[in-house]
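A closer look at the structure
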Amino acid sequence: MTGLLSRLTGRLFTPRWQHANPAIRSAATDQLDPEIPDQRKILETLILEDDALEVRHAALTRMQSPERLLPLLDRADGLVRERLIELLSGGQDAPSLLSREQLVERLDDSELLSAVASRGDNQQLRLTALSRLEDEEALIHQACHNTIAAVRHAAAARISSQAGLERLVRDAKRDRHVQRQARDTLAQRRADAQQADALAASRDNLLRQMEKLPRQAWEDSVPSRYRSLLREWERLPAADYEIQQRFEEARQQAHKVISDHEAREEAIRAHERLSANLNTHLEEILSAVDQAREDLYSRDCVNDHDFASLQAQRRLQGERWSELTDQFSAPAELLERQQRLQQQLQDALDAWHRHQLCQGELDAALVDNDIDQLRRLESEVAWPAGLPQTASLSAVRQAISAAQPEEPTEAAQEQDALDGSQAQDAESADAPRAADGKASLDLDALDAELARLEADLDAGKLKPASRLHRSLRDRTEGQLDNARQTRLRQLGARVAELRDWQNFVAAPKREQLLEAITTLSERDDISDEQRDRQHQQLIQQWRELGDAAASRDASQAFRTASDAIKLRLRDYRESRKQLREHNLAMREALCEQLESLNGHAMDDADPDSLRQIRDRAREEWRRHTPVPAGPGRQLSHRFGEALTALQGLIDSRAGQIAAAKQALVDAVEALANEDSPARARAEQAKALQSRWREMGRAPKGEEQRLWAAFRAACDRIFAARDQDREDRDSREQARLDQWQALIERLDSWEPETLEDAALLDDALKEADTLGPLPRGKRGDGMRRRWTGILKRREQRLDELHALQLREEWQQWRDLLEQHAVADASARNGDVQDVELPNTSAFDDNSRQANAARNQMRQALPSNCSAANERLAELRVHLAILFEAPLGSEDESRRLTVQVARINQQLGERMEREEELDEVLDALLANGPLDWDAWQTELPRFDALFNH
């Protein structure tokens, strides 16, 4: 009794939501208020823990606030998620649209957001949910299957991956706009990629050509190609830093090669100018040497300074002669003249050297008046006959002449007397002969020489004036009349006056030069090279003064300082000597290399390489200077012969290349005259240009002629290509104008009825005929405008179609409503037929369905469950056709309908309009229906057609 009472008491006081019967617990949820925290916790417990599905469903039905279901989402099964989707999508008991949008903006659950975007009752709500989606797979699903076009387009606009766009093109069958937008995006990307590839290929090509330019054989067209490559690179968009740096390095190398070649060409031109004026320079050198010799031989008396000046002049002009003959070969007649002059100067200098060696003995013999010693020393000096004597030598000869002979014998005295009488007779006989000698002078020539002497004095030319005055004085002594003798004496006075004036002017200059060379011999702050150069300059300036203001002490002091400088420069000059010997050896090795090359050169040798060898050989030859004079002249002849042989080989190979380039000229001219496509001919011309560049150079004049002909033919080919390109651009422009006219026509048109869709199809066919819009600023703008116009026109047609569908449904709804009323009346025994309205919404199939429905009503069955179930299946069929959301209770019907659709469309795919007509006809033929079932399903049908 106690146990039974206890059990009854427990049952009596246990809450209903904890009752063992699920039906009682389910009913107890109606008494729980979710606004009260304790009761809300009970509802959450039932939702999460109750075993009965109907209890959990009843508890979820009480939870009408999505915010309170969100915390349960991770702990509950799919029932909570489905309830939350229903509330957020605007289903039964859903909160306001504003609150749902605000809640969706805070969601992060991709599955929940995707469901709201697919099933939401408002377009803005769906767009809000879509904006929170980040998963591309979910976006692709929305773009392909969402029932609202704006949502599909928004989802498609956010898909950017290559695979995602390809899936849109493949799967977005229901929305041509999405497919077209994805297809256009892919095409744009392919075009951009092709453009980037073409740009990269252009950069690589320009970079390779610029890098190849410094390494290839030199051509006259290299500078122009360098500038052309630079301009083409600057026209391209900026490249990456690494590529830009590579191009800059290649450009600098090419610029250096071009600059070096131009410098070499300028040096060669200077060398050629010097070679062209070689005879003039050599004549100047020989004239200067001859002038120095004449100055020496025209003096009355010579001294050490005269010979020192002669030796310096000989050395200076000899160095100039060696420098020129090291580079060029002197003519044979000038070589003979130079050797003759050098021998004359050498004879005079040798005599002066012998005189210097005997100078002490001559002075001692003159003091002792040792005639025999003087005669021996005079014979030992062997002074040349035409060379003016020194003061010592003149004194020696005067002493020898003045020496008294031995006493004569009586016979000798008689003989002398006889000889004296005979001599007097001879003098008396020769007197008139001497008088006639005066008259034998050429007075006209004498007057001309006097006039020339006066002109030299007026011009300040002391040396020629002194020589001419001395010559006139010696040749006309005692033979001139008084007038001419007076004039000669006056001119002699003017010569002396000019000499005194030059001595006056030259005196401070000599002091300055003496001081400068003394200072130079003592300075330690300059290099040996500078000391040697300044020493040579001072000697040259001293020699230029001649004998003006000359004195033995000054000359001796100058020579002493000069010898001191020479002593300090001994090591330097020894190193210079070694340098000359080294240069001589290098020049000899260079000659051997050239001779070996000439003897072993291949028949197909590159003339450009041979030209480089020739130019470098010349550079090496000029670099290894100075060299000893004698061996250097021999090597100069040898080097010239080797260069001549090398030039012959270059000319031979250049001739062969000229023949090959002539063949290329003929080929490109034949190509220019062909009628084949211009682009193909341009590519072939480029290949011929590449072959042209790979060849060497023909002879200079021939190369220019061939290049002019080759370039003219290539220009004709490229001009034809450019003309073809311009024609293609003109056709493209015409096509753009046709596109523009089509866009303007479609933009000004607005569809008013569904029949206007044919105009849109015609416009699309015309667009397909015109072809795709070209890439470019104008084409891209027109494409965007065309896409926008199509989108608006398709939306307008969709609106018209939806409006027409709703209007037609209203007629079907009225007819179906009449049949449902007739079915209800038939159950009460009042059987009536429903007449089909005579409107365009109903066809023959509709009439047959209407007749079948009337017949069914006459044979009214006792159970309407089959017709009711068929009504639900037809609703599901319409939902699938309209892509509308379905509840979980319709899942089994969805599968049934889909299988039936597949079986029905096995033979041929049915259009959507045809399928809709069949569903409506089946809906009309389905009956008789239960009135309650019809009233239950009718709002759902209305919702589908409004969807």
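Residues numbered from 1 in each chain as written. Predicted model: local features only at pLDDT ≥ 70, side-chain atom pairs only at ≥ 80, totals over all residues. Heavy atoms only, no water.

Turning to the overall build of the protein chain, a few remarks are in order. A tally of regular secondary structure across the protein chain gives 39 helices and zero strands. Looking at the protein chain residue by residue over its 947 residues, the buried ones come to 37%. Restricting the contact set of the protein chain to residue pairs at least 6 apart, pairs at least 24 apart contribute 70%. Counting only carbon and sulfur atoms, one obtains 48% of the accessible surface of the protein chain, whose full area is about 53,300 Å². (Helix = DSSP H or I, 4+ residues; strand = E, 2+ residues; numbered from the N terminus. Buried < 20%, exposed > 50% of the residue type's maximum accessible area, 1.4 Å probe, protein only. Contact = heavy atoms within 4.5 Å. Areas by Shrake-Rupley, 256 points an atom, 1.4 Å probe, with all protein chains shown as cover.)

Here we come to the pattern of salt bridges. Across all of its chains, the model carries 37 salt bridges by this definition. Across the pair Arg494 and Asp458 runs a salt bridge, and its minimum N-O distance is 2.7 Å. Here Asp458 lies in helix 23 (residues 443-459) and Arg494 lies in helix 25 (residues 482-522), a separation of 36 residues in the sequence. A residue is classified by how much of its surface remains accessible, and Arg494, at 31% relative accessible area, is partly exposed. Owing to a relative accessible area of 54%, Asp458 belongs among the exposed residues under this scheme. When the shortest N-O distance is used, the salt bridge between Arg623 and Glu620 registers 2.6 Å. Here Arg623 pairs with Glu620, and both are found in helix 29 (residues 607-623), just three residues apart, close to one helical turn. (Salt bridge = Lys/Arg side-chain N within 4 Å of Asp/Glu carboxyl O.)

For the structure shown, the criterion picks out eight aromatic pairs. Measuring from ring centre to ring centre gives 4.4 Å for Trp692 and Phe710, while their planes differ by 20 degrees; the resulting arrangement is stacked. Here the residue Trp692 occupies a position in helix 31 (residues 678-694), and Phe710 occupies one in helix 32 (residues 700-747), the gap between them amounting to 18 residues. Relative accessible area serves as the criterion here: at 1%, Phe710 is assigned to the buried category. Measuring from centroid to centroid gives 6.0 Å for Trp809 and Phe941, while their planes differ by 25 degrees, and the two rings are stacked. Pair noted here: Trp809 is in helix 34 (residues 777-827) and Phe941 is in helix 39 (residues 931-946), with a separation of 132 residues, a long-range link. On the accessibility criterion, Trp809 (5% relative accessible area) is buried. Judged by its relative accessible area of 0%, Phe941 is buried. Ring pairs connect the aromatic residues Trp692, Trp707 and Phe710, which therefore count as one cluster. Looking at Arg293, its charged tip hangs above the ring of Tyr297, at a distance of 5.7 Å from the centre. (Phe/Tyr/Trp six-rings, centres within 6.5 Å; stacked < 30°, edge-to-face > 60°. Lys NZ or Arg CZ within 6 Å of the ring centre and 35° of its normal.)

When helix 12 (residues 162-171) is considered as a whole, its buried residues turn out to be Gly164, Leu165 and Leu168. In a view along the axis of helix 12, the buried residues occupy a sector of 100 degrees, so they form one face of it. Packing partners of the buried residues in helix 12 comprise helix 10 (136-145), helix 11 (149-157) and helix 13 (176-212). The backbone nitrogen of Gly164 has a side-chain oxygen 3.1 Å away, supplied by the residue at the start of helix 12, namely Ser161. (Arc of directions from axis to C-beta. Polar contact = N/O pair within 3.5 Å; in protein donor to acceptor, adjacent residues only side chain to side chain.)

Averaged over the protein chain, the pLDDT score is 77; the fraction of residues at 70 or greater is 84%. For the stretch residues 1-13, pLDDT sits under 50, and the model shows zero contacts to residues farther than four places along the chain or on other chains. In the predicted structure, residues 406-439 sits below a pLDDT of 50 and forms five contacts with residues beyond four places in sequence or in another chain. (pLDDT = per-residue confidence, 0-100.)

The next subject is the side chain of Ser466. Tracing the chain through its elements places Ser466 in helix 24 (residues 462-475). Excluding its chain neighbours within four sequence positions, the residues that come into contact with Ser466 are Val495 and Arg499.

Bringing the packing of helix 34 against helix 35 (residues 844-858) into the picture now. Interhelical geometry of helix 34 versus helix 35 gives an angle of 15 degrees and a closest axis separation of 10 Å. Considering their axes alone, helix 34 and helix 35 lie roughly parallel with respect to each other. For the pair helix 34 and helix 35, the crossing hand works out as right-handed. Facing Trp812, Leu815, Leu816, His819, Ala820, Ala822, Asp823 and Ala826 of helix 34, the residues of helix 35 in contact are Ser846, Asn850, Arg853, Asn854 and Arg857. The residue makeup of the contact of helix 34 with helix 35, split by class, is six nonpolar, four polar and three charged. (Axes fitted to C-alpha atoms, helices over the stretch in contact; angles between N-to-C directions. Parallel < 35°, antiparallel > 145°, perpendicular 65-115°, else oblique. Left-handed = near helix turned anticlockwise from the far one by under 90°. Nonpolar A, V, L, I, M, F, W, Y, C, P; charged D, E, K, R; others polar.)

As a further point, take the side chain of His177. By secondary structure assignment, the location of His177 is in helix 13. Exposure remark for His177: the relative accessible area of 5% places this residue in the buried category. Beyond its immediate sequence surroundings of up to four residues, His177 is in contact with His153, Thr787, Lys791 and Glu794.

Now for helix 24. If you check helix 24, its first and last C-alpha atoms are 20 Å apart, about what 14 residues at 1.5 Å a residue would give, namely 20 Å. Taken together, the buried positions of helix 24 are occupied by Leu462, Ala465, Ser466, Arg467, Leu468, His469, Arg470 and Leu472. (Expected span 1.5 Å × (residues − 1).)

Now for a negative patch on the surface. The grouping of Asp843, Glu911, Glu913, Glu914, Asp917 and Glu918 at the surface amounts to a negative patch. Within the secondary structure, Glu918 is located in helix 38 (residues 912-925). (Patch = residues over 30% accessible without salt bridge, like charges linked within 9 Å, V, L, I, M, F, W, Y side chains within 5 Å. Lys, Arg positive; Asp, Glu negative; His and termini not counted. Charge placed at Lys NZ, Arg CZ, Asp CG, Glu CD.)

Our next topic: the environment of Arg912. Here Arg912 lies in helix 38. Judged by relative accessible area, Arg912 falls into the partly exposed class, the value being 45%. C-alpha separation for the pair Arg912 and Leu881, spaced 31 residues apart in sequence, amounts to 7.5 Å. Sequence-distant contacts of Arg912, that is, excluding residues within four places in its chain, are made with Leu881 and Phe882.

We now examine the packing of helix 13 against helix 34. Interhelical geometry of helix 13 versus helix 34 gives an angle of 170 degrees and a closest axis separation of 11 Å. With respect to each other, helix 13 and helix 34 are oriented roughly antiparallel. Of helix 34, the residues touching helix 13 (which contributes Arg176, His177, Arg180, Asp184 and Gln188) are Asp780, Arg783, Thr787, Leu790, Lys791 and Glu794. Taken together, the residues of the contact of helix 13 with helix 34 sort by class into one nonpolar, three polar and seven charged.

Moving on, we get to unusual backbone geometry. Going from Thr625 to Pro626, the amide bond is cis rather than trans, its omega being 5 degrees. By the secondary structure assignment, Pro626 is in the loop between helix 29 and helix 30 (629-672).

Among the structural elements, Lys686 can be located in helix 31. With 28 residues separating them along the chain, Lys686 and Cys714 place their C-alpha atoms 8.5 Å apart. In this structure Lys686 touches Phe718 and Arg721, once residues within four positions along its chain are discounted.

Attention now moves to the nonpolar core. In terms of nonpolar packing, the biggest core is built from 36 residues, with Trp809 and Leu878 touching the most fellow members. Contributing elements (two or more residues each) for this core: helix 34, helix 36 (865-882), helix 38 and helix 39. Beyond its immediate chain neighbours, meaning those up to four positions away, Leu878 contacts Leu916, Val919, Phe941, Leu944 and Phe945. Of all hydrophobic cores here, the second largest spans 34 residues; its members include Phe307, Trp321, Leu324 and Leu349. (Core = buried A, V, L, I, M, F, W, Y, C linked by side-chain atoms within 4.5 Å.)

The topology assignment puts Gln244 in helix 15 (residues 241-276). Leaving out residues up to four positions away in the same chain, Gln244 has contacts with Trp233 and Ala239.

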